[in-house]
Amino acid sequence: AAELVHAAEADLRILDGRNGFVLYRDVNGSNTVSDSVVVADVDADGEAEIVSVTDGKQPLGPDPGVRVYGEGQGLWPDARRIWNQYQYSVTNVNDDGTIPRREHRDLALGHRWAVAGSVADDGVFTPSCAFPQPDLTASAFNMTDDGVQRRLTVRIGNGGARVVGPGVPVSFYDDDPRIDPVRLSTVETTTHLRPGQYEIVEIALPVSLRTRGPVFVSADDFGHLRGRILESDEDNNIYDTGMALLATAALPDLSVADVDISGLAGDWQTLAVSGRGAAVVQNLSPTPVQGPFEVSFFEDRDGDGAFGEADTLLGRAVVDGLGAHTTTVVEAPLSGSLLFRGSIIRTHADSGGVVPEVDEANNVGRAGESCRVQPPGPPWSLREEWAWANAGVVSSPAVGDLDGDGVSDVVFVAMRGGETADGQLSAVTGRNGTVLFSVSDRTLDLNPAGSVALGDIDGDGHTEIVAIGEAGNVLLAFEADGTFKWRSAPLAQNVGAGAPFLADLDGDGQSEIVIGKQVLRGSD
């Protein structure tokens, strides 16, 4: 079901469209002249945002200006990156800001103005997947040592269908975090990761730091396997690098990463078992194992965590050496008798003790150890992504890409005085609210209560901005960088808190501007 977004004098609310239940409420503070919220993907992250304006004149309200809200976990669907005018209706404007010769309305879409999709130059709306998701992975681990610090790097890639970041948390762990999380460090990505892109992240650790097992890297993880990004595949975030932080690189270091006994069957009356077992054995060191060594599968009857005379041997295999930073799967036929159904079966790498190692305490693994449930992420939440708080705004903003960088910008009229005079055309980037321009020429002041419109009004393939003059009796046009373009002749009536509407009324490929009861040519 759709949600309703409403900005009133006292608060901003998101309502459940099915029953009117308030899903979110935040202090707004506006005299609500002609302002309305806008829903668009303003920062090119593949997720809808809410753009809300305030005039700062309500008690206990927020600072005046423009605020952008997003969902903190990426749970909101995609949306178009343009909302070009107060009377926006999806098919009234193409993705590039040009105005279609004809609008092809699809009544099946209803009034889902924030729906994800594309409008091409023929004015036809093509819906896209509303819920594309990123897919974050870690790979290509590397470790260098300068004698003082170890530098650990890894590639964080996005193989999904939605832009993500910056700020994706990446955690480095000592051994498998699904079993016993010991976090070494957490770092965040610094750029937008579009589908098919990756970023190399890095941490530095003292050379004196040792790990008990291999370094694991977990993408979208700010600790304890908790992330904030909804992904198409949540099961490929964790990467076993197969490398440990060792005291010396002169010796091998064998470790058992996983034990699989799914091929083992039993008679649970007699407790006799038979079948096959498999173990993932790693050499965590840059020094290879040159000779053969045994891998034993056993029931640990004396509880000491290692294979010995008191234990029940179920099966054994021989591995003919193992290369540096190498992982292998060792299989063996198993048979024997257990103490009870579900008894713990362990695997001991180099159970004969023939390989001198850096660490002899990490050679044993157990079945079922990697079967852990990842704790749920934080609850649904709304967050303020950025705010421009330099002046009040009482009219509706517009959203579109002014500078062609692929990220939308937010255009609005800022109040330098009251609600009917001294309005200043302003634009900020949707990425973070950085100012693109503010028109300081007082002869080009606008009516703060009048909303702006964006679109290609002269057929040059570039977006222009149309706004209402200070006195409410003329229109002013500006280029996408805020450069003055033209001023109209006096209008037939004062439009005050009105809003220009762009449309190709006669189908000649040139946009007209509808304001009040008049129609103007966009080109002049």
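The model shown is predicted, which means the values in this text are computed figures rather than measured ones.

Rules behind the numbers
Residues numbered from 1 in each chain as written. Predicted model: local features only at pLDDT ≥ 70, side-chain atom pairs only at ≥ 80, totals over all residues. Heavy atoms only, no water. Helix = DSSP H or I, 4+ residues; strand = E, 2+ residues; numbered from the N terminus. Rg over C-alpha atoms; globule rule 2.2 N^0.38 Å. Buried < 20%, exposed > 50% of the residue type's maximum accessible area, 1.4 Å probe, protein only. Pairing = 2+ DSSP bridges. Salt bridge = Lys/Arg side-chain N within 4 Å of Asp/Glu carboxyl O. Core = buried A, V, L, I, M, F, W, Y, C linked by side-chain atoms within 4.5 Å. Contact = heavy atoms within 4.5 Å. Axes fitted to C-alpha atoms, helices over the stretch in contact; angles between N-to-C directions. Polar contact = N/O pair within 3.5 Å; in protein donor to acceptor, adjacent residues only side chain to side chain. Phe/Tyr/Trp six-rings, centres within 6.5 Å; stacked < 30°, edge-to-face > 60°.

### As for the overall build of the protein
A tally of helices and strands in the protein yields 0 helices and 35 strands. A compact globule built from 524 residues should have a C-alpha radius of gyration of about 24 Å, whereas the protein, at 32 Å, is more than 25% larger. Projecting the C-alpha coordinates of the protein onto the three principal axes gives extents of approximately 100 × 55 × 50 Å. The 524 residues of the protein split such that 49% are buried.

### Some thoughts on the pairing of strand β19 (residues 293–299)
Where burial is concerned, most of β19 is hidden: 6 out of the 7 residues are buried. Bridge count between β19 and strand β20 (residues 312–319): 7 bridges; the pairing is antiparallel. Considered in β20, the bridge of F297 is made with G315.

### A few points about the environment of P288
Among the structural elements, P288 can be located in the loop between β18 (272–283) and β19. Classification of P288 as partly exposed rests on a relative accessible area of 30%. Once the C-alpha coordinates of P288 and G459 are considered, the two residues, 171 residues apart in sequence, prove to be 68 Å apart.

### Observations concerning the pattern of salt bridges
Counted by the stated rule, this structure contains 19 salt bridges. Here D445 and R416 are joined by a salt bridge, their closest N and O atoms 2.1 Å apart. You can see D445 sitting in the loop between β28 (435–438) and β29 (453–455) and its partner R416 sitting in the loop between β26 (409–415) and β27 (423–429), a full 29 residues away along the chain. In this structure R416 comes out as partly exposed when scored by relative accessible area, which is 32%.

### Re the nonpolar core
By size, the foremost hydrophobic cluster in this structure holds 50 residues, and its most contacted members are V51, V66, W388, V399, V410, F412 and L475. Apart from the residues within four sequence positions on either side, V410 is in contact with V51, V66, W386, P397, A398, V399, S426, A427 and V428. If you look at the next biggest cluster of nonpolar residues, it comprises 23 residues, including L264, F293, L338 and V355.

### Focus on the sheet that holds strand β5 (residues 49–54)
Strand order in the open sheet formed by 4 strands is β4-β5-β6-β24, with antiparallel pairing between adjacent strands. Unpaired on one side and paired on the other, β4 (38–40) and β24 (382–388) mark the two borders of the sheet. Going across the sheet, the axis of each strand differs from the next one's by a mean of 25°, ignoring polarity. Where β5 and strand β6 (residues 65–71) come together, 5 bridges link them in antiparallel fashion. Across the sheet, V53 pairs through a bridge with V66, a residue of β6.

### Looking at the environment of D135
Here D135 is to be found in the loop between β8 (125–127) and β9 (136–145). Spatially, the C-alpha atoms of D135 and V163 are 9.6 Å apart, while their sequence positions differ by 28 residues. With residues up to four places along the chain from it excluded, the contact list for D135 reads G157, N158, G159, G160, E231, S232, D233 and N236. Reaching out from D135, the side chain makes a polar contact with the side chain of N236 at a distance of 3.2 Å.

### Remarks on the sheet that holds strand β14 (residues 215–219)
Taken in spatial order, the 4 strands line up as β12-β11-β14-β15 in an open sheet, and their pairing is antiparallel. In this open sheet, the two edge strands, each paired with only one partner strand, are β12 (183–188) and β15 (238–240). Taking each pair of neighbouring strands and ignoring which way they run, the sheet shows an average axis angle of 20°.

### With respect to the pairing of strand β32 (residues 484–487)
Sheet analysis places strand β31 (residues 475–479) next to β32, joined by 3 bridges and oriented antiparallel. Its bridge partner lying in β32, A477 is registered against W486. Here β31 folds back onto β32, and the loop between the two strands holds 4 residues, one of which, G482, carries a positive phi near 90°.

### Overview of the packing of aromatic side chains
On inspection of all chains with the given rule, the structure shows 5 aromatic pairs. The interplanar angle of 65° and the centroid separation of 6.4 Å between the aromatic rings of Y24 and Y69 together place this pair among those described as edge-to-face. You can see Y24 sitting in strand β3 (residues 22–27) and its partner Y69 sitting in strand β6, a full 45 residues away along the chain. Just as Y24 is buried, Y69 falls in that class too.

### A look at unusual backbone geometry
Of note in this structure, A140 is not a glycine but carries a positive phi near 50°. We note that H325 has phi near 50°; this positive angle belongs to a residue other than glycine. Note on placement: H325 falls in the loop between β20 and β21 (327–337).

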